[in-house]
Amino acid sequence: MVGERGGDVGLRPARALVIAVAAALASVHLLKGVARTPAEPGSGTAVVAACLALVALQLRHLRPARTGPAGAPAHPGWTAAELAVGFLAVGLGASIGLLCLPAASLLLERRRVLLALAAAGAVLVEAERAVGVREAVDLLVTVALGGVMLYAVTTLALLASRVHAARLTLVASAVTDERLRIAADLRSELSAGLAQIHDLAARQTPQALAPLIAVARRTLAAARATAAELRSLSLAPEAASARALLASAGVAADIRIGHREPLGPAGTVLATVLREAVTAVVRVGDARRCEVGTEERAGRVMLRVVSDGVPTAALGADVLDDLAERVRAVGGRLTAGLEPDGRFAVEAAVAATPAPTAAADPPELRTALGLYYFLLAAFCIRSLMFVPLPRLGLGAACALAFCAFQIRFSIHDATRHARLALVASAVLALLPLPWLGANWIGAAGILAGSLVIALPLRAGAALAGLMAVTAGAISGGPAASVVLTAVDVLITCVVVFGVLRLVRLVRELQRAGAGLARAAVVGERLRAARDLHDLLGHGLAAILLKAELARRLAETDPGRCQEELADVVRLADRGRAELGAVAEDGPRLSLAAELASAAAVLGAAGIAVELEEEPVPETAGTVLSVVLREAVTNVLRHSRARHVRIAVAAARDAARLEVENDGAPDGVTAPGSGIGGLTVRLAGAGGTLTAGPDDGWYLLRAEVPLDRSADTGSVTGGVPAPGGSEPAGLPRDPHRVRPVPRVQLADDGGEHVPHGPR
């Protein structure tokens, strides 16, 4: 996975942290080598070269082509070379602290025998140099600390890369599971209903008409109910409908939806409140601006619809009472009234979806955190080793308090009293320094790393630098000693920052991946709801229409009755095929077939049809086919049309569909999910939808841009290709269901223009 492009890109920040930590651990030895160069050019230059080589050799653990699950390269030669370089530098006078870099490699590659031999070699070197026991132990602990911290940082970097690269697999798995669940739900009732319709219509007898009509009505109602349930996870379709309806009335719309999704069962209620409130704003007719917003507060989702129109007729008492009752039924509340600025507001509050359970930390992350605890424990031991006995109690108390602050605020990310804890940590890190010895300088470095994590990068880095200078000044001694003390603080700062930042990065990537999967599931359910409503709902409505027509013709024209029943059989077969496609990744429709079907259905309803057809590319035809179905359904359900004109044309850069009828309804009705779904669908294809009265008729126009650079005639930003589907946020997301813990449903970026009632 690391070798994939996405994984390699995701590894870059983590790789930079590994390089920074390795360079920091080698820096003090490199500086000492540079200082030796004027007096001892050969040995000084060799130590500098060894430091640079050891840092460069760490990069092999991050090479995508050679990194396995544990970060181990295939050939042990590099490990032997690294050990040789490290001991060569030590033999030339470098401190054994430089061996922490090869030690990290041995840990990463799980070469326990070589690690034991290297440790024994370091002990022998220190024994040969005849340093004191405490100093020798201190240096060996330093090697161990540097090695395990570099090991932890590299392990976390590799883990971050794997988590980042696996996000698409996680999304695909979530979408697949959701499709299986949707398929099981759809095929339980709807598939059985379509099968019954097929069998009853195939009998070709008048006696089958009554049960056929009853089954068709029940199946149509079930399809609409299922679509509504699938839509309940998100307010995106209803927000698109609201924006379009407000635009049709010339009302400026400001829609800001910022709740976490999916919504759950309460989503249907909020969608109803939004629909009715916006319809009321348009019905009154004197509003110039309407604001719609949601937010989460105290475990509840708050929806507000505020307009500057006259509120007296905005919502009738019966409508408001009905809405309030529905909101109360899900444990929420609904209020309406004047704001202090004179605007009219409708506000609904329902219980928010519980926050998703945080994913368990992977073993590598738990190991890294354990090693950070080891760092704190080693700091306590090293700092107390050189504290005079009379001050040992003070040192132990300071060390325990300092580590407690680190665990609470740096590891567990507590936010309450965090600033006060930082100030207290600063006092504990700097104030006891003159009394607790040189090893207490580690506290300043640990605090400096925590500051870079807790504060914005520039501010944290500036404070970390100030902390290093302050610690050097407080420690006293010659100028060289002050500089080395400041460098030690900065080294510890980089190591601590690397570990803590990568721990946070892994958790952020886990949350982002889980959020991406949730958004993909929401997008998949919205796609299924849209296809179920736009495609299967239209087919079932046509079946019901033809069945009722067949019943009227049963006695007067038996031949025509059988023809209509044959059409019902054909529509039922098509419905079953489309039901399977809805449960997978969406059907691929033929515009020519849909035009013929639309003419037949409208003709069966006694409506005269005028067709104007031009060939359009296949992908554009698929999008326009869905628009045509919805337009025909609207004509049948919401108009008194006697004539319908359907025109399809392909210009140089766009395909256009127009459906015009002479039965435009009067008044304003609440927009349903049909036009809203089409608006979202067309926005995803880069197209636009316009609808409204036109010279006494009602005109719906849809346009989809064409990509003429491709021979296939693909639609720019169009629907997914056969055999695949783009889940929400990857990369197209017409619903704007963003894969983050706090989902923001922003403006869809398309021009939403007037539409008719639905």
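Residues numbered from 1 in each chain as written. Predicted model: local features only at pLDDT ≥ 70, side-chain atom pairs only at ≥ 80, totals over all residues. Heavy atoms only, no water.

(A) Focus on the environment of Ser475. Counting through the fold element by element, Ser475 comes out in helix α17 (residues 457-475). The exposure class of Ser475 is partly exposed, given its relative accessible area of 35%. As a C-alpha pair, Ser475 and Ile441 span 34 residues in sequence and 8.2 Å in three-dimensional space. Sequence-distant contacts of Ser475, defined by excluding residues within four places in its chain, comprise Leu433 and Thr485. (Helix = DSSP H or I, 4+ residues; strand = E, 2+ residues; numbered from the N terminus. Buried < 20%, exposed > 50% of the residue type's maximum accessible area, 1.4 Å probe, protein only. Contact = heavy atoms within 4.5 Å.)

(B) Here's a closer look at the nonpolar core. Judged by nonpolar contacts, the single largest core of 83 residues is most densely connected at Leu101, Leu156 and Tyr372. Top contributing element to this core by residue count: helix α18 (residues 479-553), with 15 residues. Ignoring anything within four residues of it in the chain, the contact list for Leu101 reads Ala22, Leu25, Ala26, Leu54, Val55, Gln58, Glu82 and Leu150. Counting residues in hydrophobic clusters, the runner-up holds 42 residues, among them Ile182, Ala201, Leu536 and Ala604. (Core = buried A, V, L, I, M, F, W, Y, C linked by side-chain atoms within 4.5 Å.)

(C) Highlighting the sheet that holds strand β4 (residues 333-338). On the basis of which strands lie adjacent, the open sheet formed by five strands has the order β1-β2-β3-β5-β4 and mixed pairing. Two strands bound the open sheet, and with one partner strand each, they are β1 (252-257) and β4. Strand-to-strand twist in this sheet, taken as the mean axis angle between neighbours without regard to direction, amounts to 10 degrees. In the packing of helix α9 (residues 236-248) onto the sheet, the strands contacted are β1 and β2 (289-297), and the crossing angle to β1 comes to about 165 degrees. Contacts from helix α10 (residues 266-284) reach β2, β3 (300-307), β4 and β5 (344-351), with the element oriented near 5 degrees to β3. (Pairing = 2+ DSSP bridges. Axes fitted to C-alpha atoms, helices over the stretch in contact; angles between N-to-C directions.)

(D) Expanded view of the layout of surface pockets. In this model, the largest pocket occupies a volume close to 1100 Å³. Lining the largest pocket we find 41 residues, and of these Val28, Asp138, Thr142, Arg382 and Asp488 sit closest to its centre. Looking at the lining of the largest pocket, the elements with two or more residues in it are α1 (5-36), α6 (133-165), α12 (363-385), α16 (441-454) and α18. Residue contributions to the lining of the largest pocket peak at nine residues, all from α18. In terms of residue class, the lining of the largest pocket is made up of 20 nonpolar, 14 polar and seven charged. (1 Å grid on protein atoms, 1.4 Å probe; cavity = no way out; pocket = protein on both sides within 12 Å on 5 of 7 lines; lining within 4 Å. Points joined across faces, edges and corners; volume = space filled by probe spheres on them. Nonpolar A, V, L, I, M, F, W, Y, C, P; charged D, E, K, R; others polar.)

(E) How the structure looks around the pattern of salt bridges. With the rule as written, the count across this model stands at 31 salt bridges. Between Lys546 and Asp567 there is a salt bridge, with the nearest N and O atoms lying 3.1 Å from each other. Placement of the pair is Lys546 in helix α18 and Asp567 in helix α19 (residues 558-582), with a sequence separation of 21 residues. A salt bridge links Glu612 to Arg645, with the nearest nitrogen and oxygen atoms 3.5 Å apart. Within this pair, whereas Glu612 is found in strand β6 (residues 608-612), its partner Arg645 is found in strand β7 (residues 643-650), the two being separated by 33 residues in sequence. Among the residues examined, Arg645 registers a relative accessible area of 16% and is labelled buried. One network of salt bridges, with partners in common, ties together Asp254, Arg256, Arg289, Glu291, Asp341 and Arg343. (Salt bridge = Lys/Arg side-chain N within 4 Å of Asp/Glu carboxyl O.)

(F) Molecular detail of the packing of aromatic side chains. According to the stated counting rule, one finds three aromatic pairs in the structure shown. Their ring planes at 55 degrees and their centres at 5.9 Å tell us that Phe379 and Phe402 sit as a pair that is tilted. A residue pair is termed long-range when its members are at least 10 positions apart, and Phe379 in helix α12 and Phe402 in helix α13 (residues 392-411) qualify at 23 residues. Residue Phe379 is classed as buried on the basis of its relative accessible area, which comes to 6%. On the basis of relative accessible area, Phe402 is assigned to the buried category, the value being 0%. Where Phe379 meets Trp440, the ring centres are 5.2 Å apart and the plane angle is 45 degrees; that geometry is what we call tilted. Taken together, the residues span a long stretch of sequence, with Phe379 in helix α12 and Trp440 in the loop between α15 (433-436) and α16 at a distance of 61 residues. There is no split in this pair, since Phe379 and Trp440 are both buried. Joined through ring pairs, the aromatic side chains of Phe379, Phe402 and Trp440 make up one cluster. (Phe/Tyr/Trp six-rings, centres within 6.5 Å; stacked < 30°, edge-to-face > 60°.)

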